[in-house]
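The primary structure of each chain is shown beneath.
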Amino acid sequence: MANRRQFIGAALGSTAAALLPNLGIANGNLSISPSTIKPKRLKKGDTIALIAPGYAIQPSILEEAKETLKSMGFKPYHTNRIIGNFGYLSNTDEERAKDLNEMFADQKIDGILCARGGYGCTRIMQMIDFECIRENPKVFIGFSDITALLNGIQQETGLVTFHGPVGSTLNDPYSINQLEKVVLFPKEQLEIQNKPLLKPEFTTNPEFERYTITEGTATGKVVGGSLTLINALIGTPHEIDFTDAIVCIEDVEEAPYRIDRMLTQLIEGKTFRKAAGILFGVCAGCNESTNPISFTLKEVIMDRIKPLGIPAAYGMSFGHVENNFTFPIGISAKMDARKMSLQLLEKAVL
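S.K.: Give a detailed account of helix α8 (residues 256-267), specifying residues and quantitative values.
M.R.: Taking 1.5 Å of rise per residue, the 12 residues of α8 would be expected to cover 16 Å, and the 16 Å separating its terminal C-alpha atoms lies within 8% of that figure. Along α8, the residues classified as buried are Pro256, Ile259, Met262, Leu263, Leu266 and Ile267. Axial view of α8: buried residues confined to an arc of 140°, hence all on one face. Those residues of α8 that are buried lie in contact with α7 (227-232), β10 (277-282) and α9 (297-305).

What follows is the structure in structure tokens.
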């Protein structure tokens, strides 16, 4: 499971001398949006590339991911760039960006699955060949640190991307089923089904509680992902425009005061108050604090989000949890905060 908190330590002294050129033109104007591009749907027998645009992945976990893809009927593929370490990263910024760019350019590759998250994606945003991606649209899947790529690529190219399991978390029947419903067997309208909370630990852990923050329905383009990465994009050319959007949010192992700080930053930003709706997944490990007088996670979310008057709910089946459904970034959807539902209003793939 991706865990960004483990990487905190001394930063790298310097990167390689020559950076790749910025092959895409960053869209710094939040009011400009390219036309939506939908990738070709995946089918059994397709070749799925595994890349590690952030943290390094253990060889054993990589092999497990490949076996899972095979069991799903796919042909896994990866280059040697995914193997090894560059500090806490899987490779240098240049090599990680090359892997991403080349997988989109390679006509033998049908889809791309990020092997894990961690940290590192924001370091390669200016090295991405967005024009190549625009000309070679493919299903691109991941979550956690991959949030930066999902939203950045969608902004720059119009390509619908997919917030879903990474290779290291894919081996779960619910997650596989939900992914297949979106990218293999699409419907004009798809109601995403939350996983029933049957395990005892779900009923006793407040992080898994499902509750309505503000009642109401909303329709809009889906954006979002990891709260930490959403915040990390603020002030960059890839800051997310939340205007009239359904904003999906999750995070992992962030103390309540840190969730408070990040939500406050969003609220005080340019467009978050203009969102059509807000859906939280499970913020795993985010109710814990060393401060004995800390607010709870729920208290923070209610305090920060309810005054906005925007339809909102907490506890959907996505995030750093075993059962992680897939939702597309960049297509229209409808949410109902009271019913805890999210309905895709169009196919996300062709």
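S.K.: Could you give an account of unusual backbone geometry, with specific residues and numbers?
M.R.: Despite not being glycine, Ser144 has its phi angle at roughly 65°, a positive value. Checked against the element boundaries, Ser144 lands in the loop between β4 (139-142) and α4 (147-157). A positive phi angle is found at Met340, which is not glycine, with a value near 55°.

S.K.: An account of the packing of α8 against α9 is requested, with residue identities and associated values reported.
M.R.: Orientation of α8 relative to α9, taken along the N-to-C sense of each, is 15°, at an axis distance of 9 Å. Between α8 and α9, the crossing angle belongs to the class labelled roughly parallel. As α8 packs across α9, the resulting crossing turns out to be right-handed. Along its contact with α8, which presents Pro256, Ile259, Asp260, Leu263, Thr264 and Ile267, the element α9 presents Leu297, Val300, Ile301, Arg304 and Ile305. Its residues assigned to classes, the contact of α8 with α9 shows eight nonpolar, one polar and two charged.

S.K.: With reference to specific residues and values, describe the side chain of Asn151.
M.R.: Along the chain, Asn151 turns up in helix α4. Residue class for Asn151 comes out buried when judged on its relative accessible area of 3%. When near neighbours in sequence (up to four residues on either side) are disregarded, Asn151 contacts Val223, Gly224, Ile240 and Ile329.

Reading the values: the criteria
Residues numbered from 1 in each chain as written. Predicted model: local features only at pLDDT ≥ 70, side-chain atom pairs only at ≥ 80, totals over all residues. Heavy atoms only, no water. Helix = DSSP H or I, 4+ residues; strand = E, 2+ residues; numbered from the N terminus. Expected span 1.5 Å × (residues − 1). Buried < 20%, exposed > 50% of the residue type's maximum accessible area, 1.4 Å probe, protein only. Arc of directions from axis to C-beta. Contact = heavy atoms within 4.5 Å. Axes fitted to C-alpha atoms, helices over the stretch in contact; angles between N-to-C directions. Parallel < 35°, antiparallel > 145°, perpendicular 65-115°, else oblique. Left-handed = near helix turned anticlockwise from the far one by under 90°. Nonpolar A, V, L, I, M, F, W, Y, C, P; charged D, E, K, R; others polar.

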